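Chain by chain, the residues:
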Amino acid sequence: MCGKRLDLLDATYGQLTVRCPVGTDNNGSVLWHCDCACGNTCVVPAGDLSSGRTVSCGCVRAETLDNPARYRERVYADGTKLDALRPIKLRYNNVSGVTGVTPYKDTGRWLAQIVLRGKRTRLGIFDTLEDAAEARRQAERELFDSAL
């Protein structure tokens with residue numbers, strides 16, 4: 001394996017405390033034995049710990065499903081994660097200030113769209129940014145209302 005191996009001994013990642021290496025997986029990643037704050041133990045690849053992909057033995061996910069008031073509930077409609085439609089911050093290249101609304105070519109008009117199940121749906125081309133933003137908001141409302 002190329003690269004430097006991380007020494008994760010006694011490090012904490014989320015609910016997990018790393019205890020000792022127990023071998024390597026098929027990709028050559030070091031597997032670590034971890035103690036979870038809930039009392040369980042698990043074996044996790046080093047990359048999953050350092051990237052934040054794994055933060056517990058699975059108990060955090062179970063709490064998420066059992067107690068949606070404590071964790072952000074995931075609501076799906078037609079296979080689309082609805083909370084992803086309303087990002088907390090805009091993409092770096094967004095010029096309209098509204099998710100799903102972009103300038104339409106060089107016409108001075110605005111295109112409103114929404115993506116569901118990987119399929120982009122055009123909501124229309126509008127003369128003003130405000131009209132395009134309202135069309136996007138209306139599509140979100142309809143989507144959220146139908147999912148609840």
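Predicted model only: the values in this text are computed from it and were never measured.

(A) Spotlight on the overall build of the chain. When its secondary structure is counted, the chain shows three helices and nine strands. For the chain, the proportion of its 148 residues judged to be buried stands at 30%. Of all intrachain contacts in the chain linking residues separated by at least 6 positions in sequence, the fraction that spans at least 24 positions is 27%. Total accessible area on the chain is roughly 10,000 Å²; 49% of this is exposed by carbon and sulfur atoms.

(B) Structural view of the sheet that holds strand β7 (residues 101-104). Pairing is antiparallel across the open sheet formed by three strands, whose spatial order is β7-β8-β9. Two strands close off the open sheet at either side, each with one partner strand: β7 and β9 (119-126). Ignoring strand direction, the axes of neighbouring strands in this sheet form an average angle of 30 degrees. Both β7 and strand β8 (residues 109-116) contribute to a ladder of four bridges, which runs antiparallel. Its bridge partner being in β8, P103 is matched across the sheet by W110.

(C) Local environment of the nonpolar core. Grouped together as the largest cluster of nonpolar side chains are 13 residues, with contacts concentrated most on L8, L16, V18, W32, C34, V44 and L49. Put simply, the parts of the chain that give this core at least two residues each are β2 (16-24), β3 (30-36), β4 (41-45), α1 (46-51) and α2 (59-66). Grouped together as the second largest cluster of nonpolar side chains are eight residues, V101, W110, A132 and A135 included.

(D) Focus on the confidence of the model for the chain. On average, residues of the chain carry a pLDDT of 79, and 73% of them reach 70 or more. Element-level mean pLDDT values for the chain span from 60 in strand β5 (residues 76-77) up to 93 in β7. Per-residue pLDDT stays below 50 along residues 69-73; that stretch engages in nine contacts with residues further than four places along the chain or on separate chains.

(E) Molecular detail of unusual backbone geometry. The backbone of D10 shows a phi angle near 65 degrees, a positive value even though the residue is not glycine. Looking at where D10 falls in the secondary structure, it is placed in the segment before β1 (12-13). The backbone phi angle of K105 is positive, close to 50 degrees, even though this residue is not glycine. Its location among the elements puts K105 in the loop between β7 and β8.

(F) Focus on the sheet that holds β4. Spatially, four strands are ordered β1-β2-β3-β4 in an open sheet, and the strand pairing comes out antiparallel. A single partner strand is all that each edge strand has here, and the edge strands are β1 and β4. Sheet topology note: the β3/β4 ladder contains five bridges and is antiparallel. Residue pairing for β4: D35 is matched across the bridge by T41.

(G) Highlighting the side chain of S29. Note on placement: S29 falls in the loop between β2 and β3. A relative accessible area of 18% means that S29 is categorised as buried. If we ignore the near neighbours within four places in the chain, the residues touching S29 are G23, T24, P45, A46 and G47.

Criteria and cut-off values
Residues numbered from 1 in each chain as written. Predicted model: local features only at pLDDT ≥ 70, side-chain atom pairs only at ≥ 80, totals over all residues. Heavy atoms only, no water. Helix = DSSP H or I, 4+ residues; strand = E, 2+ residues; numbered from the N terminus. Buried < 20%, exposed > 50% of the residue type's maximum accessible area, 1.4 Å probe, protein only. Contact = heavy atoms within 4.5 Å. Areas by Shrake-Rupley, 256 points an atom, 1.4 Å probe, with all protein chains shown as cover. Pairing = 2+ DSSP bridges. Axes fitted to C-alpha atoms, helices over the stretch in contact; angles between N-to-C directions. Core = buried A, V, L, I, M, F, W, Y, C linked by side-chain atoms within 4.5 Å. pLDDT = per-residue confidence, 0-100.

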